[in-house]
Amino acid sequence: MSYPIPGLLAGLFLYFLGAILVADGVARLGFPLPAGEKRIGQIDGLRGFLCLAVMFHHFVVWMQIARLGGRWEQPTINFFQMIGSGAVALFFMATGLLFYPRIRAGFSANNWPSIFVSRVFRIIPLSIVAVSMVTGVIMFHTGRGLDEAYPEMAFRWITATGMPPLLGYEDSARVSAYVLWTLNMEWIFYLLALPACALLMELFHRRRWPSWTLPVVLILAGIVLKKAFHDVAFWKYLPMFATGMLSFELSVRPDIARWFQSRPVTFAALASLLFAVVVFKSPLDLAWPFLAFFFMAVACGNDLGGLLRSRAAVVLGECSYGMYLMHGMFLFLLFNHGQALTNPVSTPLLPLFLPLLALVLVPLVSTTYLLVERPGMKTGHYLARRLRKSAHRKAPAGSAA
């Protein structure tokens, strides 16, 4: 396939610029920015840009189908492939980082029902909305209505346990760009890996091993397990989760964190990221240390020259989950029902639709964040507090709840 590389790169730049400008406008209109909350490094500012990168990757895949005679498959140019898969790897690192303090505290120091309840109310409400929207798009595309199998199929989508055909439409998963597989990985991490790692950390504490030993062991174990069980997706990404954990260990060491925040490291981190996405085809092998170096810098507080600290970056980060779940629908509608708009446009200029998509997507996900995600998180936090208080009241005197 012959990709219109100048057009795609120009579209990528304008797309990111457009998303930043729209997000800044949303912030000026009063979008509630987090204040007074303890955050780890500049991860919040990074997440929105990772979602934008995933959407760009899927735009390239759709271009392959619509204009380049290709199929739904990985782009043959490393950069166009890695900008998506590399972003997903960085997402998994962020999950490992953000939940590592719970692992570091040890299993008995956590109230696990409260953790799981807060996760359910963080993820499921918007999943319900997104699956409802996917259903609406399929109805519009096929003219079909709900059937007897729909409740079970929709439940599997909402819980990320599968993406079976909705309403009998075989390409249902393509409507959302097949993104739910990553949520499945996240649920495995929350429900199994997180408590298991916390148990291991307690064992390490008893043996007086330093806490950083655990993420190092997990990285090495992941490298071995993904070779031995190459069909099990979680083992492939275990080193990514563990890299996030190790990044936390670096971030709490002031001398190391200050070094990672320095201007020379800013340039080195960006160069490392660029090298990884240009040279390699997958984030899982030789690209991993270069992606890890970039992530460690951000985790230690490097804001990439102020970019990740900006209001726009924070807004995009807050809305990143919505962008991730919903961007596929916009691309599906554009390439399947937007021919009146796209047909007159030559292939090299087609990426100019990306900034236009940002003009629609960012306000939409900002709205769903305010109406769905934020109330869901508040409900989850409230129920989690009630569970912790109940456990504290029931705990025998002198024991940890």
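Residues numbered from 1 in each chain as written. Predicted model: local features only at pLDDT ≥ 70, side-chain atom pairs only at ≥ 80, totals over all residues. Heavy atoms only, no water.

1. Focus: the overall build of the protein
Argument step 1. The helix and strand inventory of the protein stands at 16 helices and zero strands.
Argument step 2. Here the protein has a C-alpha radius of gyration of 21 Å; the compact-globule value for 401 residues is 21 Å, and the two agree.
Argument step 3. Its C-alpha atoms give the protein principal-axis dimensions of roughly 70 × 55 × 50 Å.
Argument step 4. Evaluated residue by residue, the protein yields a buried proportion of 53% over its 401 residues.
Argument step 5. For the protein, the accessible area works out to roughly 18200 Å², and carbon and sulfur atoms hold 66% of it.
Argument step 6. Both charge centroids of the protein, one from 33 positive and one from 18 negative side chains, sit 9 Å from each other. (Helix = DSSP H or I, 4+ residues; strand = E, 2+ residues; numbered from the N terminus. Rg over C-alpha atoms; globule rule 2.2 N^0.38 Å. Buried < 20%, exposed > 50% of the residue type's maximum accessible area, 1.4 Å probe, protein only. Areas by Shrake-Rupley, 256 points an atom, 1.4 Å probe, with all protein chains shown as cover. Lys, Arg positive; Asp, Glu negative; His and termini not counted. Charge placed at Lys NZ, Arg CZ, Asp CG, Glu CD.)

2. Brief notes about unusual backbone geometry
Phi is mostly negative for residues that are not glycine, and the peptide bonds are mostly trans.
Argument step 1. For Tyr178, which is not glycine, the phi torsion reads 60° and is therefore positive.
Argument step 2. Among the secondary structure elements, Tyr178 is positioned in the loop between helix H6 (172-175) and helix H7 (180-206).
Argument step 3. Phi at Leu304 takes a positive value of approximately 55°, unusual for a residue other than glycine.
Argument step 4. Here Leu304 lies in the loop between helix H12 (288-299) and helix H13 (311-318).

3. Here we look at the nonpolar core
Argument step 1. Grouped together as the largest cluster of nonpolar side chains are 136 residues, with contacts concentrated most on Tyr15, Phe56, Phe59, Phe189, Phe295 and Leu325.
Argument step 2. For this core, the element with the highest residue contribution is helix H3 (residues 78-105), accounting for 16 residues.
Argument step 3. Contacts of Phe56, omitting those with residues within four sequence positions, involve Leu8, Leu12, Tyr15, Phe79, Phe80, Ile83 and Leu354. (Core = buried A, V, L, I, M, F, W, Y, C linked by side-chain atoms within 4.5 Å. Contact = heavy atoms within 4.5 Å.)

4. Quick word on the packing of helix H1 (residues 5-28) against H13
Argument step 1. Running from N to C, H1 and H13 cross one another at 90°; their axes reach a closest spacing of 8 Å. The orientation of H1 relative to H13 falls into the category roughly perpendicular. Every residue of H13 that contacts H1 at Ala19, Ile20, Ala23, Asp24, Val26, Ala27 and Arg28 is listed here: Arg311, Ala312, Val315 and Leu316.
Argument step 2. Partitioned by chemical class, the residues of the contact of H1 with H13 number eight nonpolar, no polar and three charged. (Axes fitted to C-alpha atoms, helices over the stretch in contact; angles between N-to-C directions. Parallel < 35°, antiparallel > 145°, perpendicular 65-115°, else oblique. Nonpolar A, V, L, I, M, F, W, Y, C, P; charged D, E, K, R; others polar.)

5. Quick word on the packing of aromatic side chains
Given two aromatic rings, one states the distance between the centres and the angle between the planes to describe the pair.
Argument step 1. Per the stated rule, a full pass over the model turns up 33 aromatic pairs.
Argument step 2. When the centroid spacing of 5.9 Å and the interplanar angle of 65° are considered together, the rings of Phe91 and Tyr324 count as edge-to-face. Highlighted residues: Phe91 in helix H3 and Tyr324 in helix H14 (residues 320-337), separated in sequence by 233 residues.
Argument step 3. Phe91 sits in the buried class, given a relative accessible area of 16%.
Argument step 4. Three or more aromatic residues joined by ring pairs make a cluster, and in this case those are Phe92, Phe99, Trp181, Trp187, Phe189, Tyr190, Phe234, Trp235, Tyr237 and Phe241.
Argument step 5. One residue, Arg119, lies across the ring of Tyr190, its end atom 5.2 Å from the ring centre. (Phe/Tyr/Trp six-rings, centres within 6.5 Å; stacked < 30°, edge-to-face > 60°. Lys NZ or Arg CZ within 6 Å of the ring centre and 35° of its normal.)

6. Concerning the environment of Ala94
Argument step 1. Counting through the fold element by element, Ala94 comes out in helix H3.
Argument step 2. In this structure Ala94 comes out as buried when scored by relative accessible area, which is 5%.
Argument step 3. For the pair Ala94 and Leu46, spaced 48 residues apart in the sequence, the C-alpha separation amounts to 9.4 Å.

7. Considerations on a nonpolar patch on the surface
Argument step 1. Side chains of Phe13, Leu14, Leu17, Leu21, Leu349 and Leu352 sit close together on the surface and give an oily, nonpolar patch of about 560 Å² of accessible area.
Argument step 2. The exposed category is assigned to Leu21, whose relative accessible area is 56%. (Patch = residues over 30% accessible without salt bridge, like charges linked within 9 Å, V, L, I, M, F, W, Y side chains within 5 Å. Salt bridge = Lys/Arg side-chain N within 4 Å of Asp/Glu carboxyl O.)

8. So, the state of the cysteines
Argument step 1. A full pass over the atoms with the stated rule returns zero disulfides.
Argument step 2. Its sulfur unpaired, Cys319 is 9.9 Å from the next cysteine sulfur, which belongs to Cys51. (Disulfide = S-S within 2.5 Å.)

9. A word on empty space enclosed by the protein
Argument step 1. For the coordinates displayed, the defined rule picks out one cavity of 30 Å³ or more.
Argument step 2. Computed from the structure, the largest cavity encloses a volume of approximately 80 Å³.
Argument step 3. Ser127, Ala130, Val131, Val134, Trp157, Ile158, Ser176, Val179, Leu180, Leu183 and Leu325 are the residues that line the largest cavity.
Argument step 4. No other element matches the four residues that helix H4 (residues 112-142) contributes to the lining of the largest cavity.
Argument step 5. Looking at the lining of the largest cavity residue by residue, the class counts come to nine nonpolar, two polar and no charged. (1 Å grid on protein atoms, 1.4 Å probe; cavity = no way out; pocket = protein on both sides within 12 Å on 5 of 7 lines; lining within 4 Å. Points joined across faces, edges and corners; volume = space filled by probe spheres on them.)

10. A short note on the layout of surface pockets
Argument step 1. The space that makes up the largest pocket amounts to roughly 1600 Å³.
Argument step 2. Here the lining of the largest pocket takes nine residues from H3, the largest share from any one element.
Argument step 3. Here the lining of the largest pocket is composed, by residue class, of 23 nonpolar, ten polar and 13 charged.
Argument step 4. Taken as a whole, the second largest pocket spans an internal volume of roughly 670 Å³.
Argument step 5. Forming the boundary of the second largest pocket are 23 residues, of which Phe16, Phe49, Ile83, Leu270 and Leu273 lie nearest the centre.
Argument step 6. Going through the elements one at a time, H1, helix H2 (43-66), H3, helix H11 (263-279) and H12 are the ones with two or more residues in the lining of the second largest pocket.
Argument step 7. Top element by residues in the lining of the second largest pocket is H3. It accounts for six residues.
Argument step 8. In the lining of the second largest pocket, the residues fall into 22 nonpolar, one polar and no charged.

11. What about a positive patch on the surface?
Argument step 1. A surface patch of like charges, here positive, comprises Arg102, Arg385, Arg386, Arg388, Lys389 and Arg393.
Argument step 2. Sort the elements by how many residues they give to the positive patch and helix H16 (residues 353-394) lands first, with five residues.
Argument step 3. In this structure, Arg393 sits in helix H16.
Argument step 4. Judged by its relative accessible area of 65%, Arg393 falls in the exposed class.

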